[in-house]
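Secondary and tertiary structure notes
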Amino acid sequence: MISILRYILYILLSLPLLVYLRRKWLFSYWTRKGLQTAEPTNTKEVGLPEPEYVKVMHHYRRFKTKGEKHFGIYQRQSPSYVPINLDIIKSMLTTDFNHFRNHGFFSNVDDEPLTANLFNLNDDQWRVMRAKLTPTFTSGKMKMMFHTIVDRTSGLEELISTFATDKKPMEVKDVMSRFTTDVIGNVAFGIDCNTMKNPDSEFAYYAKQIMQLGHRNKGMIGNLLRSILPPWLFLKLGFKLMGKELGDFFFDLVANAIEYREKNNIVRKDFLHLMIQLKNLGKLSDDDKIVIKSSNGDGLTLKQVTAQCFVFFTAGFDTSSTTMMFSLLELALNPNVQDKLRDEINRVLDKHDGKITYEAVMEMEYLDKVIAESLRLFPPLPVLPRRCTEDYHVPGTNVVIEKGTAVSVPLYSIHHDEEYFPDPEKFDPERFSEEFKSTRHPFAYMPFGEGPRACIGLRFGKLQSKVGLISVIKNFKVTVNEKTTLPIKFYPSFLIFVAGGIWLDVEKLK
Ligand code: HEM
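As recorded in an unreviewed UniProt entry, the chain goes by the name Cytochrome P450, listed as coming from Phaedon cochleariae. The UniProt entry for the chain carries the following comment under Cofactor (unreviewed entry): "heme".

Set out below in structure tokens:
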């Protein structure tokens, strides 16, 4: 008995040593691979912790100054490879795409249908889905949906007018998200969410839940297990990655909308109609009626359709409202740019009978530059995730990235690199004149990602951001309210969130 107790005591005493050795071994991964490493720090940060992409930028700058082409970091306990050299990045995202075709997220249509969305899908499932969805985002299809975006601008103008009349500052992210929620809710689910009129609508509630995924909705034990278990095991224990309530809400929404349209042969020019075609025919068709029978068994299931509508919504509403929020902040901080943009908007709209048409938007070159510069300074997805799917010898180096390793393409760091963008913190839309663009490495700017896995919704995202900005700048003058903390501080998240929000004063123009 005493000897058993002694053994237990030895084990207990040696436990801290084992933990220490395991930690040492895990965190020596990159050194063993011959790569410079950003050591994980244990020091407590004072105030708001910096988001991961800002920490990566500090390392990026340090290692780049030393002439390194790449370095390694640790996310929790997992190693992640961070390329610095743009030619390496180009190879990984394009020519050697096959080694890095996955984002590295979990997806399983049976256990949790919403995870079977294009962003999460892997390997052949991704390839097949991407090929099916690509024709949904052509410029022809964008023109078809254009009126839905423009129709929502009257609600946006009404909403902003209330702040101008009451002389109250407006929290820009809230206002612009309500605009994009109404636009995408309409084109992806075919419903009038009306969050601009009613911020407490059911739809607005779920939109907020989506933005909190991964932090708060699983309870304390759920969050703890989620951080240590692989997703498949987490699901086997009865937890949900996205939450059951959220999954049921979106599934019912899509199922009911499709049933209604199919029963009543309702055709609308939106994503949902295109998804009905993909469900029933397996491809898009020019028919202006609903065809029910799948001719070749190639059609998407209802769960697959729901997952894609869900990702259009999630990937589409926050990215575009973030883009407009930062554009408006910079326009408020740079009144000369704001005036110049307003002049362009008025000049072009005059040529188009004062109407926001697709052609008018395409004609606004300065608007395009303003948005491009805002996306440079504040890319809504500041790090591009990839997962290595086959061992990869990094060109021009002795390093081999092992299958299964995560890759973080440091978009935010590249966009703030003074080699590519001199005086990088300055907002200067002229960086996107043809003259300057042609002198830059093509991979120095990629807010929508690059290669076959780049953002499928680029055209739609740009279009709704442009229409939203036209509608605000045409009608209102914006200035910074003192409630905005400058310089802005980011909230720690993998997306760009501003701590305390961005508050602007708005003045209605005649
Ligand atoms: C300004 C707006 C937007 C920005 C900045 C943006 C940015 C991005 C980025 C950086 C990626 C990852 C690309 C990569 O891994 O290389 C991405 C992927 C994606 N985006 Fe967007 N996005 C925007 C708007 C939209 C919209 C409006 C939609 C849909 C309606 C959308 C749907 C998607 C989807 C489905 C993916 C996954 C593509 C795949 O894995 O094949 N995005 N987006």
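The biggest cluster of nonpolar side chains holds 146 residues, and the ones touching the most others in it are Phe250 and Phe326. For this core, the element with the most residues is helix H14 (residues 302-333), which contributes 15 residues. Setting aside its immediate chain neighbours within four residues, Phe250 contacts Leu114, Phe189, Phe203, Tyr206, Ile210, Thr306, Phe310 and Phe313.

Protein coordination of the iron atom of the ligand rests on one atom only, Cys455 (SG), at 2.3 Å. Looking at the secondary structure, you find Cys455 in the loop between helix H19 (434-437) and helix H20 (458-475).

Turning next to helix H5 (residues 123-133). Three or more residues of H5 are buried, namely Trp126, Met129, Arg130, Lys132 and Leu133. The arc that holds the buried residues of H5, viewed along the axis, is 160°, so those residues lie on one side. Of the residues in H5, the exposed ones pointing more than 90 degrees away from the buried face are Asp124 and Ala131. Buried residues along H5 sit against helix H13 (271-280) and H14.

This paragraph deals with helix H6 (residues 139-151). Under the 1.5 Å per step criterion, the end-to-end length of H6 is 19 Å for 13 residues, consistent within 8% with the ideal 18 Å. Turning to H6, its buried residues are Lys141, Met142, Met145, Phe146, Thr148, Ile149 and Val150. Looking at the packing, one finds that the buried side of H6 touches helix H7 (153-166), helix H8 (172-189), H13, helix H16 (358-363) and H20.

Right, let's get into the environment of Met57. Residue placement: Met57 occurs in helix H3 (residues 52-65). Residues Met57 and Gly457, spaced 400 residues apart in sequence, show a C-alpha to C-alpha distance of 27 Å. Met57 has contacts with Tyr412, Ser413 and His416, leaving out every residue within four places of it along the chain.

Turning our attention to the pattern of salt bridges. The tally for this structure, following the rule as stated, stands at 21 salt bridges. Between Arg127 and Asp124 there is a salt bridge, and its shortest N-O distance comes to 3.6 Å. With a gap of three residues between them, Arg127 and Asp124 both fall in helix H5, about one helical turn apart. Between Asp318 and Lys173 there is a salt bridge whose closest N-O contact spans 2.8 Å. A residue pair is termed long-range when its members are at least 10 positions apart, and Asp318 in helix H14 and Lys173 in helix H8 qualify at 145 residues. For the pair Asp318 and Lys173, a shared accessibility class is recorded, and that class is buried. Among the charged side chains, a salt-bridge network with shared partners connects Lys64, Asp417 and Glu419.

Reading the values: the criteria
Residues numbered from 1 in each chain as written. Predicted model: local features only at pLDDT ≥ 70, side-chain atom pairs only at ≥ 80, totals over all residues. Heavy atoms only, no water. UniProt positions renumbered as here; feature names shortened; annotations may be inferred. Core = buried A, V, L, I, M, F, W, Y, C linked by side-chain atoms within 4.5 Å. Buried < 20%, exposed > 50% of the residue type's maximum accessible area, 1.4 Å probe, protein only. Helix = DSSP H or I, 4+ residues; strand = E, 2+ residues; numbered from the N terminus. Contact = heavy atoms within 4.5 Å. Donors = N, O, S within 2.8 Å, 3.2 Å for Na, K, Ca; no water. Arc of directions from axis to C-beta. Expected span 1.5 Å × (residues − 1). Salt bridge = Lys/Arg side-chain N within 4 Å of Asp/Glu carboxyl O.

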